[in-house]
Amino acid sequence: MNAGRKLSSLGFVLILLGTAGCAGGTGTPPPAPGSASASGSGSGISPTAGPGTITIKDFTYGDPLTAAPGATVTITNMDSAAHTVTADDGAAFNTEVKGGGGTATFMAPTKPGTYAYHCTFHPGMHGTLIVK
Ligand SMILES: [Cu+2]
């Protein structure tokens, strides 16, 4: 009788510990995206060259972007249609970015030069990436 009681009360305590652990795990709210990027700028990977961004809007890539060799280039697509950033030479880079504010990244070529690119979906779209 006594042994049975001890076992059941022990189980009860374990359940309490279990729920307390769960509450503690979910009690910390995730950091807001804005604050995360703000603090992230302090520990940037490349202090000399900021991250390059190509913003696609109204089926245009905007001004030519200059990026350091091997730098990460971010593409933001404000159009509703998906686009690609595809090097005209077909090998340097080729990245698709979804529409509606979608983003994608690719690595700039490590060889300095001027790289013309286009969108495979819309042959009239042309842009320029300068690596130096
Ligand atoms: Cu396109």
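Residues numbered from 1 in each chain as written. Predicted model: local features only at pLDDT ≥ 70, side-chain atom pairs only at ≥ 80, totals over all residues. Heavy atoms only, no water.

Taking an unreviewed UniProt entry as the reference, the protein is identified by name as EfeO-type cupredoxin-like domain-containing protein belonging to Arthrobacter oryzae.

Caption draft 1: Region of the structure containing the coordination of the copper ion. At the metal site, the copper ion is ligated by His-83 (ND1), Cys-119 (SG) and His-122 (ND1), and these contacts range over 1.9 to 2.1 Å. Here the donor residues of the copper ion share one chain and are spaced in sequence as H-x35-C-x2-H. Note that His-83 is positioned in strand β4 (residues 83–87) and Cys-119 in the loop between β7 (113–118) and β8 (126–131), a separation of 36 residues in sequence. One exposure class covers both His-83 and Cys-119, and it is buried. (Donors = N, O, S within 2.8 Å, 3.2 Å for Na, K, Ca; no water. Helix = DSSP H or I, 4+ residues; strand = E, 2+ residues; numbered from the N terminus. Buried < 20%, exposed > 50% of the residue type's maximum accessible area, 1.4 Å probe, protein only.)

Caption draft 2: Summary view of the pairing of strand β1 (residues 52–56). Of the two faces of β1, the one lined by Gly-52, Ile-54 and Ile-56 is fully buried and the one lined by Thr-53 and Thr-55 carries no buried residue. One ladder, built from 5 bridges, connects β1 with strand β3 (residues 72–77); its direction is parallel. Paired with Ile-56 across the strands is Asn-77, a residue of β3. (Pairing = 2+ DSSP bridges.)

Caption draft 3: Looking closely at the sheet that holds β8. With respect to topology, 5 strands assemble into an open sheet ordered β2-β8-β7-β4-β5, the strand pairing being mixed. Where the open sheet ends on each side, the last strands, each with one partner, are β2 (65–67) and β5 (94–97). In this sheet, adjacent strand axes meet at a mean angle of 25 degrees when their direction is disregarded. (Axes fitted to C-alpha atoms, helices over the stretch in contact; angles between N-to-C directions.)

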